Amino acid sequence: MLIMKNVVLTILMLCGLSAHAITKINGAGASFPYPIYSKWFSEYSKLNKDVQFDYQAIGSGGGIRQLIKQTVDFGASDAPMKDKDIKKAAWPVKHIPTVLGAVAIAYNLKGITRSIKLDGETLSAIFLGQITKWNDEKIQTLNKGLKLPAKDILVVRRADGSGTTAIFSDYLSTVSKNWEDKVGRGKSLRWPTGIGAKGNSGVTGAVKQNDGAIGYIELAYAIKNKLSVVSLKNKAGEYKLPTVQGVSLAAQNVDASKGLTTSIVDASGKGVYPIAAFTYILLPVHQGENLKFVKEFLNWALTKGQNYAPALHYAPLPNKFAKEVLKQIK
């Protein structure tokens, strides 16, 4: 009888140890990198069965708020935190670039099978509500030989605080003085036109469901949902579709010694896609036990994990840049 009690006690103790062996890491933030982050967390958990990640793609603004409230172990954003938000955080915050992505201009226009060409000024005028028809003279001039319909343009933009919005508005402010003066940059904007949708998935869905719609989304969402995307004029005068290669070229001259939160929109060079950006893990610097596990994950993500990026339509960090980021993590 005593032996049986000891066996039962031992089993219960082992069960208790097993239950405590799983470390759960909570993160929240940008939807822009969600496809690659989901893949990373899945693959990393196969290699480290005692660590589980729970990531909520609630938008960059939401991730920053959750980080400040200390309800997550890390945040995620496509836009660097503002100084006022960093000051609200309980600890210093490191911005850790993880991959590069493209903001694609997706549209839904029945009967048009060839990619529509746009330049920055024309795209700005569409999102300012100054161009309201698909056959507007400015769009038609850029697309000679393509008969565009006299259809209303439905602008779809983010309703939540969004790093994708920050990247998109950074680009428009860089290429259009009109946009910079009237709207400017930011995760949340005072939009002059359009309908709002939550997250990259929300904008994707709204564009897909509405003939005549146009919106800005991360490239992976456009490809997965088979949406048409704009060929956008770059600084070299070329019209480029968003590609991993075009995003990589945008980052080829980035100097990590000047900081890890550099804007690369409208970068110089042939082949560059003009709305490219880094996305960041927001890492609180403190002595918490879970921070160690997040750092171990990031070391993996910035080395072996980079190999998963191209298949999911993200660009790996340039090698020299990635080495500098790994130093910052240490």
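Everything below is about the structure shown above.
Now for a quick tour of the structure. (Residues numbered from 1 in each chain as written. Predicted model: local features only at pLDDT ≥ 70, side-chain atom pairs only at ≥ 80, totals over all residues. Heavy atoms only, no water.)

What follows deals with the pattern of salt bridges. This structure, assessed with the given rule, holds ten salt bridges. Linking E43 and K46 is a salt bridge whose minimum nitrogen-to-oxygen distance equals 3.2 Å. In this pair, E43 and K46 are both assigned in helix α2 (residues 34-47), three residues apart and thus about one turn of the helix distant. Linked by salt bridges that have partners in common, K39, E43 and K46 make up one network. (Salt bridge = Lys/Arg side-chain N within 4 Å of Asp/Glu carboxyl O. Helix = DSSP H or I, 4+ residues; strand = E, 2+ residues; numbered from the N terminus.)

The subject of this paragraph is the pairing of strand β2 (residues 51-57). When strand β1 (residues 23-29) meets β2, the two strands line up parallel, connected through seven bridges. Along β2, the bridge assignment pairs N26 with D54. With α2 bridging β1 and its parallel neighbour β2, the resulting β-α-β unit is right-handed. (Pairing = 2+ DSSP bridges. Right-handed = clockwise from strand over helix to strand, strands pointing away.)

The element strand β6 (residues 154-158) is extensively covered by neighbouring structure, given that four of its five residues are classed as buried. Here three bridges tie β6 to strand β7 (residues 195-197), and the two strands are oriented parallel to one another. Residue R158 lies in a different strand from β7, and its bridge partner there is A197. (Buried < 20%, exposed > 50% of the residue type's maximum accessible area, 1.4 Å probe, protein only.)

The next point concerns the sheet that holds strand β5 (residues 117-118). On the basis of which strands lie adjacent, the open sheet formed by three strands has the order β5-β10-β11 and mixed pairing. With one partner strand each, in any of the chains shown, β5 and β11 (239-240) form the two edges of the open sheet.

Aromatic ring pairs are described here by two measures, namely the spacing of the ring centres and the angle between the planes. One pass over the full model with this rule turns up 25 aromatic pairs. Between Y37 and Y55, the aromatic rings sit 5.6 Å apart at their centres with planes inclined by 80°, giving edge-to-face as the arrangement. Taken as a pair, Y37 in helix α2 and Y55 in strand β2 lie far apart in primary sequence, 18 residues in all. Residues F41 and F53 carry aromatic rings whose centres are separated by 4.7 Å and whose planes lie at 10° to one another, so their mutual orientation is stacked. With a gap of twelve residues between them, F41 in helix α2 and F53 in strand β2 connect regions that are remote in the sequence. Among the aromatic residues, ring-to-ring pairing joins Y34, Y37, W40, F41, Y44, F53, Y55, F74, F297, W300 and Y308 into one connected group. Taking NZ or CZ as reference, K117 lies 5.2 Å from the ring centre of Y239, over its face. The ring of F293 carries the charged tip of K292 above its face, separated from the ring centre by 4.9 Å. (Phe/Tyr/Trp six-rings, centres within 6.5 Å; stacked < 30°, edge-to-face > 60°. Lys NZ or Arg CZ within 6 Å of the ring centre and 35° of its normal.)

The subject of this paragraph is unusual backbone geometry. A positive phi angle, near 65°, is found at Q70, a position not held by glycine. A residue is classified by how much of its surface remains accessible, and Q70, at 45% relative accessible area, is partly exposed. A positive phi angle is found at D266, which is not glycine, with a value near 55°.

Bringing the environment of Y37 into the picture now. Overall, the relative accessible area of 1% leaves Y37 in the buried class. Measuring from C-alpha to C-alpha, the distance between Y37 and T98 comes to 9.4 Å, with 61 residues separating the pair along the chain. The contact partners of Y37, leaving out residues within four places of it in the chain, are Y55, A76, T98, T279, Y280 and I281. A distance of 2.8 Å separates the side chain of Y37 from the side chain of T98, its partner in a polar contact. (Contact = heavy atoms within 4.5 Å. Polar contact = N/O pair within 3.5 Å; in protein donor to acceptor, adjacent residues only side chain to side chain.)

Further remarks concern helix α7 (residues 163-175). The end-to-end C-alpha distance of α7 is 19 Å, a good match for the 18 Å that 13 residues give at a rise of 1.5 Å each. Residues of α7 that are buried include every one of G163, T164, T165, A166, I167, F168, S169, D170, Y171, L172 and S173, and no others. The opening residue of α7, the one whose side-chain oxygen lies 3.1 Å from the backbone nitrogen of T164, is S162. (Expected span 1.5 Å × (residues − 1).)

With respect to the helices and strands, the residue D85 is situated in helix α4 (residues 83-88). Given a relative accessible area of 11%, D85 falls into the buried group.

I116, L123, F127 and I214 are the most contacted members of the largest nonpolar core, which totals 107 residues. Not counting chain neighbours up to four residues away, the residues in contact with F127 comprise V155, V156, F168, W179, W191, P192, T193, I214, G215 and Y216. (Core = buried A, V, L, I, M, F, W, Y, C linked by side-chain atoms within 4.5 Å.)

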